[in-house]
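Here is what each chain is made of, one letter per residue.
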Amino acid sequence: HAPAPGVVQQISVKVGDKVTAGQLLLRMDDSDARARLASATSVLRAAELTVSDIQHGGSQEQRNSSAAQIAAAQLQRRQDASSLAALQKLQQQGAASTAEVAAAQHRLRVDEDSLNSLQTSSTQRYGAADRAHATAQLADAQAAVAAAQAAVANEDVHSPIAGTVYAVPVTQYEYVATGDNLVDVADLNRVRITAYFDA
């Protein structure tokens, strides 16, 4: 029977042919099924990339950007710490005011807060809800690909038994609906005959 609506692409047997179990009988046009598989595979790749990004703390571009920002913040903190130390030394010599030292201390605290924020952001970019959502999307995408692969495989109709083809009620390029009869195969070594006789 037709596994799905579509067009009969190729008929590999004719009436009277002996067939083995698993032999190809008929092939449906699988262009739509393959298109669905390609689309599902694309969605799966995107879902895998999202999960990978979450596991690694962001995309490669995001990680590079974070590393550059952290390096810049660390450099700024070192420079301001050096400036503070110099001002404190000058203050001891009476060459720098308390306000100048306080301003330098404030800049250093801002630097440290900024650096801590950047480091936290780089390691905790995603929360538990993000991970759960991405994992669910990946599972859905994997299921969709499996279903699409099965649909492509089902476009080839194989004989479930060894026997003889006794009817092919469809023709090449004919459109069929789901469940339509495609090929009839029977084991003609086992035939039941029902006869009625007038008494």
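See above for the structure.
Now for a look at the structure at hand. Bear in mind that the values here come from a model prediction, so they are computed numbers and not experimental data.

Definitions and limits used
- Residues numbered from 1 in each chain as written.
- Predicted model: local features only at pLDDT ≥ 70, side-chain atom pairs only at ≥ 80, totals over all residues.
- Heavy atoms only, no water.
- Helix = DSSP H or I, 4+ residues; strand = E, 2+ residues; numbered from the N terminus.
- Expected span 1.5 Å × (residues − 1).
- Pairing = 2+ DSSP bridges.
- Buried < 20%, exposed > 50% of the residue type's maximum accessible area, 1.4 Å probe, protein only.
- Axes fitted to C-alpha atoms, helices over the stretch in contact; angles between N-to-C directions.
- Parallel < 35°, antiparallel > 145°, perpendicular 65-115°, else oblique.
- Left-handed = near helix turned anticlockwise from the far one by under 90°.
- Nonpolar A, V, L, I, M, F, W, Y, C, P; charged D, E, K, R; others polar.
- Core = buried A, V, L, I, M, F, W, Y, C linked by side-chain atoms within 4.5 Å.
- Contact = heavy atoms within 4.5 Å.
- Polar contact = N/O pair within 3.5 Å; in protein donor to acceptor, adjacent residues only side chain to side chain.

1. A closer look at helix H2 (residues 60-92)
Every α-helix winds through 3.6 residues per turn, so residues three or four apart in the chain are directed the same way. Here H2 is 33 residues long and its end C-alpha atoms lie 48 Å apart, about the 48 Å a rise of 1.5 Å per residue gives. Where H2 terminates, the next one or two residues include Gly 94, which has phi positive at roughly 80°.

2. A short note on the sheet that holds strand S4 (residues 156-158)
Read from one edge of the open sheet, 4 strands run S4-S3-S1-S6, paired in antiparallel fashion. Edge strands, defined here as strands with exactly one partner in the open sheet, are S4 and strand S6 (175-176). Two elements, strand S1 (residues 6-11) and strand S3 (residues 24-28), share 3 bridges in a ladder whose sense is antiparallel. Within S3, the residue paired with Val 8 across the bridge is Met 28.

3. Overview of the pairing of S3
Burial within S3 is extensive, with 4 of its 5 residues counted as buried. Bridging between S3 and S4 involves 3 bridges; their strand directions are antiparallel. Bridge pairing in S4 links Arg 27 to Asp 156.

4. Side note on the sheet that holds strand S7 (residues 184-186)
In spatial order, the strands read S2-S5-S7; together these 3 strands make up an open sheet with antiparallel pairing. Each having just a single partner strand, strand S2 (18-19) and S7 make up the two edges of the open sheet. Where strand S5 (residues 163-167) lies against S7, 3 bridges are found, and the strand directions are antiparallel. The residue bridging Thr 164 from the neighbouring strand is Ala 186, located in S7.

5. Structural notes on the packing of helix H1 (residues 31-55) against helix H4 (residues 128-154)
For the pair H1 and H4, interaxial distance at closest approach is 8 Å and the crossing angle is 155°. Relative to H4, H1 is oriented roughly antiparallel. Of the two elements, H1 crosses H4, and the hand of that crossing is left-handed. Tallied by class, the residues present in the contact of H1 with H4 amount to 16 nonpolar, 6 polar and 5 charged.

6. Re the packing of H2 against helix H3 (residues 98-123)
Running from N to C, H2 and H3 cross one another at 160°; their axes reach a closest spacing of 9 Å. Overall, the two elements H2 and H3 adopt an arrangement that is roughly antiparallel. The two elements H2 and H3 cross, and the hand of that crossing is left-handed.

7. Observations regarding the nonpolar core
Leu 25, Leu 26, Val 176, Leu 182 and Val 183 are the most contacted members of the largest nonpolar core, which totals 14 residues. Top contributing element to this core by residue count: S3, with 3 residues. If near-sequence neighbours (up to four positions away) are discounted, Leu 182 is found in contact with His 1, Ala 2, Leu 26, Met 28, Val 157, Val 168, Pro 169, Val 170 and Val 176. Ranked by size, the runner-up nonpolar core spans 13 residues in total, among them Leu 37, Leu 138, Val 145 and Ala 148.

8. Some points on the side chain of Thr 164
Inspection of the secondary structure puts Thr 164 in strand S5. We classify Thr 164 as buried; its relative accessible area is 7%. There is a polar contact of 3.2 Å between the side chain of Thr 164 and the side chain of Lys 18. With residues near it in sequence (within four places) discarded, Thr 164 still touches Gly 16, Asp 17, Lys 18, Asp 184, Val 185, Ala 186 and Leu 188.

9. Some remarks on the environment of Glu 48
Inspection of the secondary structure puts Glu 48 in helix H1. Residue classification places Glu 48 among the partly exposed positions, given a relative accessible area of 34%. Each C-alpha atom, one on Glu 48 and one on Gln 137, is 9.0 Å from the other, the two residues being 89 residues apart in sequence.

10. Looking at H1
Taking 1.5 Å as the rise per residue, H1 with 25 residues should run 36 Å; its terminal C-alpha atoms sit 36 Å apart, in good agreement. Taken together, the buried positions of H1 are occupied by Ala 33, Leu 37, Ala 40, Leu 44, Ala 47, Val 51, Asp 53 and Ile 54. Summarising the contacts, the buried residues of H1 are in contact with H4.

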